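Each chain, letter by letter, is given below.
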Amino acid sequence: MIVMKFGGTSVADADRVRRVAELVAERRDRRPVVVVSALSGVTDRLLEAASLARAGRREALDPVFSDLARRHRWALAGSIDDSGRKHDLALEIDARLDDLRQLLRAIRVLGETTARALDTVLAFGELMSSRILAAALADRDVEACWLDPREVLATDRRFGAAEPDLERTAELATSRLAPMAARGAVAVLGGFVGATPDGITTTLGRGGSDTSAAVLGAVLGAEEIQIWTDVDGLMTADPRIVAAARPLDRVSFAEAAELAYYGAKVLHPASIEPAVRRGIPVRVLNTLRPASPGTLVLREVAAGAPAVASVASRSGLLAVRVSSPRLRVDPTFLLDVATTCARCGATPDVTASSEIGALVALRNDEAGRAAAVALAQHGPTEVREAMAV
């Protein structure tokens with residue numbers, strides 16, 4: 001069994017939905033379980049819709065909602081040929097859009113959005129895209145079954161950043177997904193979405209579709225988890241900056257996590273953790289160039305691999321140098337610096353110490369700026385902006 005996860009750019013429009021359906025159909029012999037993100041840009045539009053509804057801006061909300069409806073209707077109309085199947089799914093999509101309209105209206109009337117309500121809004125993207133893909137597979141004579149991810153992926157109640165319950169998810173996946181794969185049917189689920197023990201909708205946070213795929217792959221004991229995106233894999237550098245960047249054949253889980261932390265957008269850092277735990281390989285592949293071998297992410301890379309896997313960078317940082325009043329650094333001074341950053345909610349990207357002080361690189365956000373101010377209590381500070389690591 002393999003798990004195939006397709007990101008938003010892979011299902012950006014009807015043509016790409018058709019292409020994804022073909023890719024899945026070509027791999028039926030590997031018993032795929034398919035996880036799909038919302039159509040490209042839809043999650044951002046749903047966030048915008050919720051924000052406009054909360055602000056009571058009905059005139060601005062209506063065109064955003066109309067755009068969401070249009071994109072899903074076009075994706076449906078262009079990816080499915082069978083008129084009966086197209087008609088049935090169009091009615092289902094319209095019903096889900098009506099649910100979304102009612103929820104946004106409730107937010108507008110109340111003038112507030114709870115984290116729980118926002119999760120319900122954001123779940124619409126994956127729930128609709130996965131239905132469309134399942135129908136597109138059936139249109140190609142693939143036995144495909146749409147599954148509501150809330151019936152499979154169990155989570156806690158941390159709305160907006162829910163943590164999967166691996167034990168409960170294993171029970172649900174074994175009873176719902178495994179029999180489908182065993183008989184050759186393709187299960188299609190939306191990523192990013194789960195449910196609490198009492199069935200309330202949750203989301204796993206941005207990038208959570210990767211997490212969904214990794215969790216399902218882990219609990220099902222998949223042979224491989226495939227992350228299909230719009231690049232050939234993890235690169236030796238950011239190709240937008242370094243023209244000679246090339247795909248990496250393989251990297252370790254630790255290297256992939258570091259690259260994700262420092263800005264590589266191919267893999268979400270949390271997504272690989274369940275795979276690491278089970279030692280399941282993750283392969284990053286390009287939907288637009290499926291013949292490319294992609295990058296294989298493994299627990300460990302064999303001896304002889306290059307000492308440097310890739311060069312990653314993050315810009316827009318503050319570099320804060322704190323000098324010790326006594327012109328010497330002891331463990332207490334460094335602990336105080338770290339504690340102050342933590343109290344402000346800032347995690348340094350780099351910490352370096354010298355004989356007379358310490359330097360921390362912080363993100364230039366509210367927490368980082370607060371930490372830069374608070375660090376002055378430990379000694380003279382020098383703050384430099386527009387830095388990078």
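This text gives an overview of the structure that appears in the document. (Residues numbered from 1 in each chain as written. Predicted model: local features only at pLDDT ≥ 70, side-chain atom pairs only at ≥ 80, totals over all residues. Heavy atoms only, no water.)

### Here we look at the pattern of salt bridges
Proximity of charged atoms lets side chains of opposite charge pair with each other.
Then, number 1: For the coordinates displayed, the defined rule picks out 25 salt bridges.
Then, number 2: In this structure, Arg-19 engages Glu-26 in a salt bridge whose closest nitrogen and oxygen atoms are separated by 4.0 Å.
Then, number 3: In this structure Glu-26 comes out as exposed when scored by relative accessible area, which is 51%.
Then, number 4: Of the charged contacts in the structure, one is a salt bridge between Arg-240 and Asp-238, with a shortest N-O distance of 2.9 Å.
Then, number 5: Salt bridges sharing common partners tie together Arg-19, Glu-22, Glu-26 and Arg-27. (Salt bridge = Lys/Arg side-chain N within 4 Å of Asp/Glu carboxyl O. Buried < 20%, exposed > 50% of the residue type's maximum accessible area, 1.4 Å probe, protein only.)

### A short note on the environment of Ala-53
Then, number 1: Turning to its location among the elements, Ala-53 is positioned in helix H2 (residues 42-54).
Then, number 2: By relative accessible area, which is 0% here, Ala-53 ends up buried.
Then, number 3: C-alpha of Ala-53 to C-alpha of Arg-384: the two residues are 331 residues apart in sequence and 39 Å apart in space.
Then, number 4: Residues within four places of Ala-53 in sequence aside, it is in contact with Leu-61, Leu-104, Ile-107 and Arg-108. (Helix = DSSP H or I, 4+ residues; strand = E, 2+ residues; numbered from the N terminus. Contact = heavy atoms within 4.5 Å.)

### Thoughts on unusual backbone geometry
Then, number 1: Non-glycine residue Asp-141 carries a positive phi angle of around 60 degrees.
Then, number 2: When you line up the elements, Asp-141 lands in the loop between helix H5 (115-138) and strand S3 (144-147).
Then, number 3: Positive phi is not limited to glycine here, since Phe-192 has a value of about 75 degrees.
Then, number 4: Along the polypeptide, Phe-192 turns up in the loop between strand S4 (186-190) and strand S5 (193-195).

### Comments concerning the sheet that holds strand S14 (residues 381-387)
What holds strands together in a sheet is hydrogen bonding between their backbones, with the strands either parallel or antiparallel.
Then, number 1: Taken in spatial order, the four strands line up as S12-S13-S11-S14 in an open sheet, and their pairing is antiparallel. Edge positions in the open sheet fall to strand S12 (350-353) and S14, since each of these has one partner strand only. Going across the sheet, the axis of each strand differs from the next one's by a mean of 15 degrees, ignoring polarity.
Then, number 2: Packing against the sheet, helix H11 (residues 331-343) makes contact with strand S11 (317-323), S12 and strand S13 (357-363), and its axis sits at approximately 15 degrees to S13.
Then, number 3: Helix-sheet contacts for helix H12 (residues 366-374) involve S11, S13 and S14, and the interaxial angle to S13 is about 160 degrees. (Pairing = 2+ DSSP bridges. Axes fitted to C-alpha atoms, helices over the stretch in contact; angles between N-to-C directions.)

### Details of the pairing of S12
Then, number 1: Looking at chain direction, S12 and S13 are connected through four bridges and run antiparallel. Considered in S13, the bridge of Ser-353 is made with Ala-358.
Then, number 2: Hairpin connection between S12 and S13: a loop of three residues separates the two successive antiparallel strands.

Interpretation in functional terms is not warranted from these geometric data alone.
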